[in-house]
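Survey of secondary and tertiary structure
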Amino acid sequence: MIKINDLHKSYKMGNSSLHVLKGIDFEVAEGELVAIMGSSGSGKSTLLNIIGMLDIANSGVYELDEVPIKDLDETKAAQYRNKFLGFVFQSFNLINYKSALENVALPLYYQGIKRKERQQKSLDYLEKVGLKDWATHLPNELSGGQKQRVAIARALASQPKVLLADEPTGALDTTTSYEVMDLIQKINEEGKTILVVTHEHDIAKMCKRIVTLKDGVIVQDKKVNQELASKYV
Ligand code: ADP
Ligand code: MG
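What you see is a predicted model, and the numbers here were worked out from it, not measured in a lab. (Residues numbered from 1 in each chain as written. Chains lettered and ligands numbered in written order. Predicted model: local features only at pLDDT ≥ 70, side-chain atom pairs only at ≥ 80, totals over all residues. Heavy atoms only, no water.)

1. Here's the deal with empty space enclosed by the protein
Here is the rule we go by: Here a cavity means grid points, on a 1 Å grid over the protein atoms only, where a 1.4 Å probe fits yet cannot get out; a pocket means an open set of points with protein on both sides within 12 Å along at least five of seven lines; lining residues are those with an atom within 4 Å of a point. Grid points are joined across faces, edges and corners, and a volume is the space filled by probe spheres set on the points. Only runs of H or I of at least four residues qualify as helices and only runs of E of at least two qualify as strands under DSSP, and these elements are numbered from the N terminus. When residues are grouped by polarity, Ala, Val, Leu, Ile, Met, Phe, Trp, Tyr, Cys and Pro land in nonpolar, Asp, Glu, Lys and Arg in charged, and all others, Gly among them, in polar.
Throughout the structure, instances matching the rule amount to one cavity of 30 Å³ or more. What the largest cavity holds in volume is close to 30 Å³. Surrounding the largest cavity, L48, N49, F87, V88, F89, L164 and D166 form its lining. Only α1 (44-51), β6 (85-89) and β7 (162-166) provide two or more residues apiece to the lining of the largest cavity. For the lining of the largest cavity, the per-class residue count stands at five nonpolar, one polar and one charged.

2. Quick notes on the pairing of strand β8 (residues 193-197)
Definition in use: Burial classes follow relative accessibility: with a 1.4 Å probe on protein chains only, a residue under 20% of its type's maximum area counts as buried, one over 50% as exposed, and anything between as partly exposed. Two strands qualify as a pair provided that DSSP identifies no fewer than 2 bridges between them. Crossovers are described as right-handed under a simple rule: with the strands pointing away from the observer, the path leading from the first strand over the helix to the second runs clockwise.
Within β8, five of the five residues are buried, leaving the element largely enclosed by the surrounding structure. Taking every second residue as pointing to the same face, both faces of β8 are buried, with T193, L195 and V197 on one and I194 and V196 on the other. Relative to β8, strand β3 (residues 33-37) runs parallel, the two sharing four bridges. Bridging across to β8, I36 finds its partner in V197. Tracing the backbone out of β7, into helix α6 (residues 174-189) and back to the parallel element β8 gives a crossover that is right-handed.

3. Overview of the pattern of salt bridges
Test applied: Between Lys or Arg on one side and Asp or Glu on the other, a salt bridge is scored when a side-chain nitrogen of the former is within 4 Å of a carboxyl oxygen of the latter.
Under the criterion given, the structure shown has eight salt bridges. Measuring nitrogen to oxygen at the nearest pair gives 2.8 Å for the salt bridge that ties R209 to D221. Here D221 lies in strand β10 (residues 217-223) and R209 lies in strand β9 (residues 209-214), a separation of twelve residues in the sequence. The network of salt bridges with shared partners includes E32, R209 and D221.

4. Observations concerning the sheet that holds strand β1 (residues 2-13)
Spatial ordering of the open sheet is given by β2-β1-β4-β5, a layout of four strands whose pairing is antiparallel. Only two strands of the sheet have a single partner each, and these edge strands are β2 (16-28) and β5 (67-68). Bridge analysis of β1 against β2 gives ten bridges, and the strand direction is antiparallel. Note that in β2 the partner of I2 across the bridge is V28.

5. Some remarks on the environment of K161
Rule in force here: Working rule for contacts: check all heavy atoms of both residues, and any pair within 4.5 Å makes them a contact. Identification of polar contacts relies on pairs of N or O atoms within 3.5 Å, with a donor-acceptor requirement for protein atoms, meaning one able to donate a hydrogen and the other able to accept it, and with residues adjacent in sequence counted only if both atoms are side-chain atoms.
Structurally, K161 is set in the loop between α5 (144-157) and β7. Between the alpha carbons of K161 and D221 there is a distance of 22 Å; along the sequence they are 60 residues apart. Other than its neighbours up to four places away in sequence, K161 contacts M1, D65, K83, F84, K192 and T193. Looking at K161, its side chain comes within polar contact range of the side chain of D65, at 3.2 Å.

What follows is the structure, encoded as structure tokens:
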């Protein structure tokens, strides 16, 4: 699904530059649930943003579903992003003046899906994350965990091949974090490929594989015995 070879990324800072990713080799097969770990500043978000086509590398190879990403023009890249990738962020990124349902429906609107189908799909995905009864509520009427579940429903509604989550539990307390991980595990069990950036070990252990970044390189890549979040919720 994802193939990365000798990937480098630097940020320009005036005259100097900051070399953040220093030769990343990384592959993810369909259906994996991978944690990307590392301390703050180790390049986790940079890597995830490149995988998510929100940013581009300076050199190296990146293939998503066998398509080399470098060669795509902006329009193609946007199409690819919509079709292949779903995003979940630490800060939820919901639109405050729109209901849960409208938040889930918005990307579908931009994809040209008709109103009726949009509504139905959005409701289906809210139901999937256990929030059907909250469809008309605004984000500020929802708890942190509920907000993140709306964000997950929004990401899933476009039926992406890969779900990318950058510190999805970073703003949540422990119990709520495990609830969100329980949902992520269930989505993965249905076959979705998921990458979770985290710096918390208990969250990483709930994935099936842990990739550790340090100073811009992968220092460890290991399969783990997945801990089920359901036993904590
Ligand atoms: P992590 O997600 O692991 O905390 P990041 O990928 O966000 O790490 O950042 C890695 C390094 O790159 C940090 O030193 C950070 O300050 C720097 N960095 C990230 N984004 C930018 C940017 N847009 N411009 C300049 N430096 C950046
Ligand atoms: Mg980060």
